[in-house]
Amino acid sequence: MLEATIDASLLKDSIESLSVLVDEARVHISPEGIGVKAVDPANVAMVSFELQADAFDEYQAEESEIGLDLTRVLDILGVAEKTDKVKMKLEEDSRKLSISIGGISYTLTLLDPSTIRAEPRIPQLELPAEIVVNGKGFSRTIKAAEKISDHMSMGVEGETFFLEAEGDTDRMRQEMPRDELISITPGPARSLFSLDYLSDIAKPASKSNEVTLQIGNDFPIKINFEIAGGRGKVGYLLAPRIESE
Amino acid sequence: MLEATIDASLLKDSIESLSVLVDEARVHISPEGIGVKAVDPANVAMVSFELQADAFDEYQAEESEIGLDLTRVLDILGVAEKTDKVKMKLEEDSRKLSISIGGISYTLTLLDPSTIRAEPRIPQLELPAEIVVNGKGFSRTIKAAEKISDHMSMGVEGETFFLEAEGDTDRMRQEMPRDELISITPGPARSLFSLDYLSDIAKPASKSNEVTLQIGNDFPIKINFEIAGGRGKVGYLLAPRIESE
Amino acid sequence: MLEATIDASLLKDSIESLSVLVDEARVHISPEGIGVKAVDPANVAMVSFELQADAFDEYQAEESEIGLDLTRVLDILGVAEKTDKVKMKLEEDSRKLSISIGGISYTLTLLDPSTIRAEPRIPQLELPAEIVVNGKGFSRTIKAAEKISDHMSMGVEGETFFLEAEGDTDRMRQEMPRDELISITPGPARSLFSLDYLSDIAKPASKSNEVTLQIGNDFPIKINFEIAGGRGKVGYLLAPRIESE
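Right, let's walk through the structure included here. Keep in mind it's a predicted model, so treat the numbers as computed, not measured.

### What about the sheet that holds strand β14 (residues 183-185) of chain B?
Residues and elements named next belong to chain B.
Right, on to step 1. Read from one edge to the other, the open sheet built from nine strands follows the order β6-β2-β3-β4-β18-β17-β16-β10-β14, with strand pairing classed as antiparallel. Each of the sheet's edge strands pairs with one partner strand only, and the pair in question is β6 (64-69) and β14. Pairwise comparison of adjacent strand axes, ignoring direction, gives a mean angle of 15 degrees for this sheet.
Right, on to step 2. Note: strand β2 (residues 24-30) against β6, six bridges, orientation antiparallel. By the bridge assignment, E24 is partnered in β6 with D69.
Right, on to step 3. Running over the sheet, helix α2 (residues 70-77) touches β2 and β6 and is turned about 70 degrees from β6.
Right, on to step 4. Along the sheet, helix α4 (residues 195-205) contacts β4 (45-52), β16 (211-215), β17 (221-227) and β18 (232-238); its crossing angle with β18, the most-contacted strand, is approximately 170 degrees.

The structure is reproduced here in structure tokens:
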């Protein structure tokens, strides 16, 4: 059971934070809020998403799991105006979701959760370095790196966070010392990542003032940020690529 | 003979209200104004268009008929600024139209009207229900329905106007009771229409505050609105589709 | 040797004034500023570009020549914000260029200038008529002409500058008498030009308030304008097409 009302733009941002990695998701609903854990089809990146009950204008729910076609829902949300509210209601049998936006009611047939890839177990990693950056700046650097290569290194040297891309003929490097960062916990770290994935992840992250990056030496990166004014959070785990040098 | 001056944006809107259904049109010119009646190539929709002489800044005309390549004229109007005036002058032999916009003069060779499909006779239909809606809202509902299906029903239940689309798995429905409508004359009505056509017609209609819809039971819909502050009007007649249930 | 700082938008405009004709260019660097002369691959148009040292915020240079991939540099400048400054530094061996924008550093491998087509000798032509027009209006007329044909005539009749395009069925003509021009030196002139080239050249020219056109009878046209508040200039020479009448 679910009856909930939420800002259209917040719901859109939430679904986009998932749809950059997967098209369909198992959404876990509980009285405390909703949550999704998913891994992309190529097993390169995972996302963990949580939105608390108090991020909604109204929220009433019992424990349940639904299968959501994210692309479909985003498509429907496309007609919502910025200030619209979205009302959602899960029908008794949990196979239909009613969505109401600005006077228009939709009834969506849900996917059978068992047909969607199971929730991944998200590994508990202790990563030596942690950097907090502005999402918009981070996104810009990734765009800059894409001009040069299809992968980018991130690492820490002393108290400086660096991002670096190397193409066949050209190179790009950005260095951010402590005073240009929101915060840094230095540690031995340098890993290489696919810019395709980073670019997808940077889209939702670019809306956040504080994006926390945790990195190690040839280790996955954790990219975390809050949404809904702290009443929700999104975390990505992206596997490194092997540096071929 | 024709010598006329008109706002570029009004001329553009006028031609677009025709070009959503046909590429070429016979334009009937008289001292009272200009008029077009046309039917789309698939015989599914008709348009009836009138613009009174007083919608023009200057207007002088004698009875005549010209063949206009609407796509071509729209293309040329593309360079006009919002505030530009368009001067039009029909040459003596009625085979050339001079158009002058912002200091640039065009001479267009007109089409032979006899090569363009004859004006349709627009059937006089008595439709039981009439609803007046805001054009922008109507257009938005059509966009919402297109996410679900390629056809949409419209009808009246009691004093409520409803719009409904049903896809393979999902449904959309909007209900507008009397107090959400500009006006309603209830009557037995429910018909199904192609969203392709409705979407084309909704483009020009979306600019109008008041769009009048007349519907019946498995009958064509009439969609009428004024342009040029009431000095012109556009009317569409769209055939229903048969509900396969 | 080169060490220079410049507005990102000025650098972008400068490179675009070249890239409309060529993808790669030999850039001549001297203590007085930078200069490029290039001819397009089809030998139809030439560009001559100069930017004085004082157009830069900082500028220090010794005589040298570098080979620049213009498309590549424009791509990289794509991430610059309007107000960004670009720092450029040529490495000792002149085969690498460091570019720094908003904290991001690029190292570009330069092209070997000897692999780029040699600088053309730009012919000294005495053209009888000279007209100074507003760049935005000129660009608009070219857009209007493109709706009609793929070539356009320009010429002078009495004290009136005219631009004319003729398609299979339609014509366009704009007449600009002395009082609609910034200035005119009348003379016998009428030549036909490719709109493809004119349209490319009009893009950078459209940003200039004063564009000087020099024309003759079936002669090339010279199109000149200043950039960087007079501290730079761009000149094009475009060969005429033969009027097939």
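### Focus on the sheet that holds strand β9 (residues 104-109) of chain C
Right, on to step 1. Within the open sheet, the nine strands sit side by side as β15(A)-β11(A)-β12(A)-β13(A)-β9(C)-β8(C)-β7(C)-β1(C)-β5(C). Their pairing is antiparallel. At either margin of the open sheet sits one strand with a lone partner, and together these are β15 (189-194) of chain A together with β5 (58-61) of chain C. Averaged over all adjacent pairs, the angle separating strand axes in this sheet is 20 degrees, with direction ignored.
Right, on to step 2. With five bridges joining them, strand β11 (residues 151-157) of chain A and strand β12 (residues 160-166) of chain A adopt antiparallel strand pairing.

### Comments concerning the interface of chain B and chain C
Right, on to step 1. Residue-level contacts link 17 residues of chain B with 13 residues of chain C.
Right, on to step 2. Taken together, the two surfaces of chain B and chain C that pack against each other cover about 1,200 Å², and 44% of this comes from carbon and sulfur.
Right, on to step 3. Considering only the side of chain B, the residues that lose the most area to chain C are R72, V79 and I104 of chain B, jointly responsible for 37% of the buried surface there.
Right, on to step 4. Counting every contact that joins chain B to chain C gives three salt bridges.
Right, on to step 5. In this structure, R72 of chain B and D170 of chain C form a salt bridge, with 2.6 Å as the shortest nitrogen-oxygen distance.
Right, on to step 6. For the pair chain B and chain C, the interface holds nine residue pairs in polar contact (both at pLDDT 80 or more).

### Regarding the relation of the copies chain A and chain B
Right, on to step 1. Laying chain A over chain B is done by rotating through 120 degrees and shifting 0.0 Å along the axis; what remains is an RMSD of 0.0 Å. Both copies are brought into coincidence by an operation consistent with a three-fold rotation axis. Taking C-alpha positions as the reference, the residue of chain A nearest the rotation axis is K82 of chain A, at 16 Å.

### Here we look at the interface of chain A and chain B
Right, on to step 1. Listed as interface residues are 17 residues of chain A and, on the opposing side, 13 residues of chain B.
Right, on to step 2. Both sides together, the interface formed by chain A and chain B hides about 1,200 Å², and carbon and sulfur atoms give 44% of it.
Right, on to step 3. Where chain A meets chain B, there are three salt bridges.
Right, on to step 4. When contributions to the side of chain A that touches chain B are tallied by element, the ones reaching two or more residues are α2 (70-77), β8 (96-101) and β9 (104-109) of chain A.
Right, on to step 5. Among the elements that take part in the side of chain A that touches chain B, β9 of chain A stands out by supplying six residues, more than any other.
Right, on to step 6. Two strands pair when backbone bridges link them, and β9 of chain A and strand β13 (residues 171-176) of chain B are joined in this way by four bridges, in the antiparallel orientation. In the sheet register, Y106 of chain A faces β13 of chain B, and the bridge partner there is M172 of chain B.

### A word on the pairing of strand β11 (residues 151-157) of chain B
Residue and element names in this part refer to chain B.
Right, on to step 1. Within β11, five of the seven residues are buried, which leaves it mostly tucked inside the rest of the structure.
Right, on to step 2. Both β11 and strand β15 (residues 189-194) contribute to a ladder of six bridges, which runs antiparallel. Paired with M154 across the bridge in β15 is S191.
Right, on to step 3. Count of turn residues in the β11/strand β12 (residues 160-166) antiparallel hairpin: two residues, of which G158 carries a positive phi of about 60 degrees.

Cut-offs applied
- Residues numbered from 1 in each chain as written.
- Chains lettered and ligands numbered in written order.
- Predicted model: local features only at pLDDT ≥ 70, side-chain atom pairs only at ≥ 80, totals over all residues.
- Heavy atoms only, no water.
- Pairing = 2+ DSSP bridges.
- Helix = DSSP H or I, 4+ residues; strand = E, 2+ residues; numbered from the N terminus.
- Axes fitted to C-alpha atoms, helices over the stretch in contact; angles between N-to-C directions.
- Contact = heavy atoms within 4.5 Å.
- Buried area = accessible area lost by both parts, 1.4 Å probe.
- Salt bridge = Lys/Arg side-chain N within 4 Å of Asp/Glu carboxyl O.
- Polar contact = N/O pair within 3.5 Å; in protein donor to acceptor, adjacent residues only side chain to side chain.
- Least-squares fit on C-alpha atoms with pLDDT ≥ 70 in both.
- Buried < 20%, exposed > 50% of the residue type's maximum accessible area, 1.4 Å probe, protein only.

These values are about where atoms sit, not about what they do.
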